[in-house]
Amino acid sequence: MTGSLVEIEIEIEPGAGGPWRAVCAYHDLLPGRGTAVLVDGRQIALFRDRGGEVYAVGNRDPFSGAHVISRGLLGSRGATPVVVSPMYKQAFDLRTGACLDEPAGPGGEPAALPVWRVRLTPPASGCAGDVAPPNGGAHRPETTPS
């Protein structure tokens, strides 16, 4: 997506055909940093890595209960892109939301962040853009019905 401005849209119900929501322009996301957005009452942490991939995960840390994931540190474990929570330092896979350090939270619930698919589309355009299924995968063109 070089040289063009794009909107980032988040699908609220992954895999359920939910509506796509435009939340910000691609260039508004700083590489290596996160930002929080509120979509339909849900806090979502958006990240753009230094390679240009965009990820969307839940902003609530399952260990502390605080909505701070967007302030976490981006990095990797091997080939796995991760965000490290600023609270207790657990690492979460940005593609799946899984915690790489502990399988369960303090109450025994699974320690994972919800993930949303990210779609890049040109602003004010009737054509679809690229979709990264579900987070950070290879972009593929998406078509819209005529």
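Use the structure listed above.
Residues numbered from 1 in each chain as written. Predicted model: local features only at pLDDT ≥ 70, side-chain atom pairs only at ≥ 80, totals over all residues. Heavy atoms only, no water.

Colleague: Outline the packing of aromatic side chains, supporting the account with residue identities and numerical values.
Modeller: We describe a pair of aromatic rings using the distance from one ring centre to the other and the angle between the two ring planes. In total, this model carries one aromatic pair according to the counting rule given. When the centroid spacing of 6.3 Å and the interplanar angle of 45° are considered together, the rings of F63 and F92 count as tilted. On the criterion of sequence distance, the pair formed by F63 in the loop between β5 (54–58) and β6 (73–77) and F92 in strand β8 (residues 91–93) is long-range, its members being 29 residues apart. The class of F92 is buried, set by a relative accessible area of 0%. (Phe/Tyr/Trp six-rings, centres within 6.5 Å; stacked < 30°, edge-to-face > 60°. Helix = DSSP H or I, 4+ residues; strand = E, 2+ residues; numbered from the N terminus. Buried < 20%, exposed > 50% of the residue type's maximum accessible area, 1.4 Å probe, protein only.)

Colleague: Would you mind going over the sheet that holds β8 in detail, with residue names and values included?
Modeller: Strand order in the open sheet made by the three strands is β6-β7-β8, with antiparallel pairing throughout. What marks the edges here is a single partner per strand, and that holds for β6 and β8. Ignoring which end each strand starts from, the neighbouring axes of this sheet average 40° apart. Relative to β8, strand β7 (residues 80–84) is paired through three bridges, and the arrangement is antiparallel. For V84, the partnering residue across the bridge sits in β8 and is A91. (Pairing = 2+ DSSP bridges. Axes fitted to C-alpha atoms, helices over the stretch in contact; angles between N-to-C directions.)

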